[in-house]
Amino acid sequence: MTAEAAAGPVLDMTGLPSWTLDEGQLGDLELLLTGAFAPLTGFLGAADVARVAEQGTLEDGTPWPVPVVLDVPEDAIPPSASRLTLNDSEGTPLAVLDITGRSRYSHPSRPGRPGAMPGPTGPARPRSGSADR
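Residues numbered from 1 in each chain as written. Predicted model: local features only at pLDDT ≥ 70, side-chain atom pairs only at ≥ 80, totals over all residues. Heavy atoms only, no water.

A. Highlighting the confidence of the model for the protein chain. Scored by pLDDT, the protein chain comes out at a mean of 78, with 70% of its residues at no less than 70. The spread of mean pLDDT over the elements of the protein chain runs between helix 1 (residues 3-6), the lowest at 40, and strand 1 (residues 18-20), the highest at 95. Across residues 110-118, confidence stays below pLDDT 50; counting only partners more than four residues off in sequence or on other chains, it has 25 contacts. (pLDDT = per-residue confidence, 0-100. Helix = DSSP H or I, 4+ residues; strand = E, 2+ residues; numbered from the N terminus. Contact = heavy atoms within 4.5 Å.)

B. The arrangement of the nonpolar core in detail. Within the largest apolar cluster, 23 residues are counted, with the highest numbers of intra-cluster contacts made by L40, V68, L70, L84 and L86. If sequence neighbours within four positions are ignored, L40 has contacts with L32, L58, W64 and V68. (Core = buried A, V, L, I, M, F, W, Y, C linked by side-chain atoms within 4.5 Å. Buried < 20%, exposed > 50% of the residue type's maximum accessible area, 1.4 Å probe, protein only.)

C. Up close: the environment of W64. Looking at the secondary structure, you find W64 in the loop between helix 3 (46-55) and strand 3 (83-87). Since its relative accessible area comes to 10%, W64 is described here as buried. For the pair W64 and D48, spaced 16 residues apart in the sequence, the C-alpha separation amounts to 9.5 Å. Excluding its chain neighbours within four sequence positions, the residues that come into contact with W64 are F37, A38, P39, L40, V52, G56, T57 and L58.

D. The pairing of strand 3, seen in detail. Buried residues dominate strand 3, accounting for four of its five residues. As paired strands, strand 1 and strand 3 are joined by three bridges and run parallel to one another. The residue of strand 3 that forms the bridge with T20 is N87. Of the pairings in the sheet, the one linking strand 3 to strand 4 (residues 93-98) comprises five bridges and is antiparallel in character. Following the sheet pairing, R83 is matched in strand 4 by D98. The loop that links strand 3 with its antiparallel partner strand 4 comprises five residues; one of these, G91, has a positive phi angle of about 90 degrees. (Pairing = 2+ DSSP bridges.)

E. Structural context of the environment of G42. Counting through the fold element by element, G42 comes out in strand 2 (residues 42-43). Along the chain, G42 and L70 lie 28 residues apart, while their C-alpha atoms are 9.7 Å from each other.

F. How the structure looks around the pattern of salt bridges. The tally for this structure, following the rule as stated, stands at one salt bridge. Between R83 and D98 there is a salt bridge; the shortest N-O distance is 3.1 Å. In this pair, R83 is assigned in strand 3 and D98 in strand 4, connecting sequence segments 15 residues apart. What makes R83 partly exposed here is its relative accessible area of 23%. (Salt bridge = Lys/Arg side-chain N within 4 Å of Asp/Glu carboxyl O.)

So this is what it looks like as structure tokens:
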């Protein structure tokens, strides 16, 4: 996050659909937002997921070991939604995800989980204008 982004306005989450993150998803979000998953700035899209699974690289050729995806049930997010509020287990909003795509993918650590299909992809931004870096 840049200093300019931190100084920006607080995001309006009124009327946005929301998703409560499980522990693994919460960890992925934290790593994305803190820059620990650099060069990633959001959850991977279908092309990057396929390339990581086949070749161990992102689509641009950057080595990457595992798909970083957000598994959600197919009916959890309206098809028309372009943003999604990501919440912790207590319902506190942590970030807003700009949905830039959806793809069918079931995370390997959750094989056979029914309904874990369309994963929204795109950058996640912290909910408020504050950040640690």
